[in-house]
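What follows is each chain in one-letter form.
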Amino acid sequence: MNDFEIIHRGDSNGNQWIIRLPLPSGRTLWGLATENIYGGDWDLGPTWNYIVQGDHPFLIDTGRFGMGGRLLKMMKQTDLEPGDLKGIFLTHGHEDHDGGLPELAQDTNASVWVHPLYDLLRCSYPSQAPPVTKEDFSASCWHCFMPETFTRSHCREYHRQRDGLKTNRLEGLRFPLDGAVHLHHLPGHCPDALAYQIGSEALIVGDTLLPDITPHPSQEAFYPLIQPLLPPEFPPLSGWYGLRAYIRSLKRLAALGREFPRMQVLPAHRLFYNDRWGTIELGKRSEEIIEHHLQRCASILEVLKDGPQTAEEIARAYYQPKLLKGFGIKMAENEIKSHLEFLEHSGDIHWTTEGKAASTGKADFEDYIRRIDPDQNT
Ligand SMILES: [Zn+2]
Ligand SMILES: [Zn+2]
């Protein structure tokens, strides 16, 4: 059960919903759900953006590109005026979260605060882009698997406006507006992923924990692309990418759940979906997702019993055909690649000279997951 007051009831998947949650500290939390492009069998539902209303009200996430104006309109149904916002923050640098940022930054007086890595990767680096055809892309999108015809027509303006943002960096991960807000860096799904903890009352967790579904992990293979961009003040960030990083972040969340078992968890998708609330228990859900990835590693090793296979072949053997339609095969293949990187670390697979994953005959991944140290500072 939850204590949400429904301010506006949108559709059965949560699109256009507005909810209000009074917190014991006197702050009020508003959830505003902005539409995303329907993703078929991979659908996430809308993006839930949150406003924390206290002495210095702030917004976390801004919906997909083009949703800034919609969010401002939705704000009219809260107790706040756009001019009341003192800051805009992000859970991570994916388009369904930062797409509305340029418009909101322009139409409010709020300052924009971002993770230092986000600030670096939102920019384009024409002389360093891997293929020259991506010279006007944000560095964070260099690894994108979508065909260039798609990204040219859909993302160009998004990249251009991101590049022109005026931002402040969250140096030292200190929250500038409210002493009760604590930031958690939770790389894995995205290297700049942050969760915002409001006292012991609420955790705005982005895509890192979702009800029913799990976000796709990034890949360690993305890191060498951006590594040459890192200025000397950035430590090596290889540990911020891939499934290992994600498991580490989930272990941190599980520990946080043990410390604050009653904390309200607010996800960026599926807070309300398919006519029901997606309630998250922090510790339990974190453990469930770790278990889900364990199961997937086991299934991949099972598929490899038939001999070496490419990531695509494994995806076709593992996923239901309906999930492989259209771009689905690319999503599935990327998910498998993250797990193959992990299984290589645990010593359970190796790569053949033909670029196929082959079983080593071992199954040490479970032990390997157990040994991942949540406190390791990478
Ligand atoms: Zn995301
Ligand atoms: Zn998302």
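Note that the coordinates shown come from a computational prediction; the quantities given were computed from them, not determined experimentally.

Quick notes on the rules
- Residues numbered from 1 in each chain as written.
- Chains lettered and ligands numbered in written order.
- Predicted model: local features only at pLDDT ≥ 70, side-chain atom pairs only at ≥ 80, totals over all residues.
- Heavy atoms only, no water.
- Salt bridge = Lys/Arg side-chain N within 4 Å of Asp/Glu carboxyl O.
- Helix = DSSP H or I, 4+ residues; strand = E, 2+ residues; numbered from the N terminus.
- Buried < 20%, exposed > 50% of the residue type's maximum accessible area, 1.4 Å probe, protein only.
- Expected span 1.5 Å × (residues − 1).
- Arc of directions from axis to C-beta.
- Contact = heavy atoms within 4.5 Å.
- Phe/Tyr/Trp six-rings, centres within 6.5 Å; stacked < 30°, edge-to-face > 60°.
- Donors = N, O, S within 2.8 Å, 3.2 Å for Na, K, Ca; no water.

A. Structural context of the pattern of salt bridges. One pass over the full model with this rule turns up 23 salt bridges. Salt-bridge contacts for K322 lead to D41; the nearest nitrogen and oxygen are separated by 4.0 Å. In this pair, K322 is assigned in the loop between α9 (311-318) and α10 (328-345) and D41 in the loop between β3 (28-34) and β4 (47-53), connecting sequence segments 281 residues apart. With relative accessibility at 43%, the residue D41 sits in the partly exposed group. Here D367 ties to R371 by a salt bridge, and the two come within 2.8 Å at their closest N and O atoms.

B. Structural detail: α10. Here α10 contains 18 residues, and its C-alpha end-to-end distance of 26 Å stays within 8% of the 26 Å for a straight helix at 1.5 Å per residue. Counting buried residues in α10 gives 13 out of 18 residues, a clear majority hidden from the surface. Backbone geometry just downstream of α10 places G347 in the positive-phi region, at approximately 80°.

C. How the structure looks around helix α1 (residues 68-75). Buried residues of α1: G68, L71, L72, M74 and M75, and no others. Down the axis of α1, the sector holding all buried residues measures 160°, keeping them to one side. On the buried face of α1, the contacting elements are β2 (18-22), β3, β4, β5 (58-60) and α3 (101-107).

D. Main features of the packing of aromatic side chains. Using the criterion set out here, one finds 16 aromatic pairs in the structure. Residues F58 and F89 carry aromatic rings whose centres are separated by 5.5 Å and whose planes lie at 75° to one another, so their mutual orientation is edge-to-face. With F58 in strand β5 and F89 in strand β6 (residues 87-89), this pair connects stretches of sequence that are 31 residues apart. The same class applies to F58 as to F89, namely buried.

E. Representation of the coordination of the zinc ion (ligand 2) within the structure. Within the protein, the zinc ion (ligand 2) binds to D96 (OD), H97 (NE2), D207 (OD) and H269 (NE2); these donor distances fall in the range 2.1 to 2.2 Å. Along the chain, the residues donating to the zinc ion (ligand 2) fall in the pattern D-H-x109-D-x61-H. On the accessibility criterion, H269 (0% relative accessible area) is buried.

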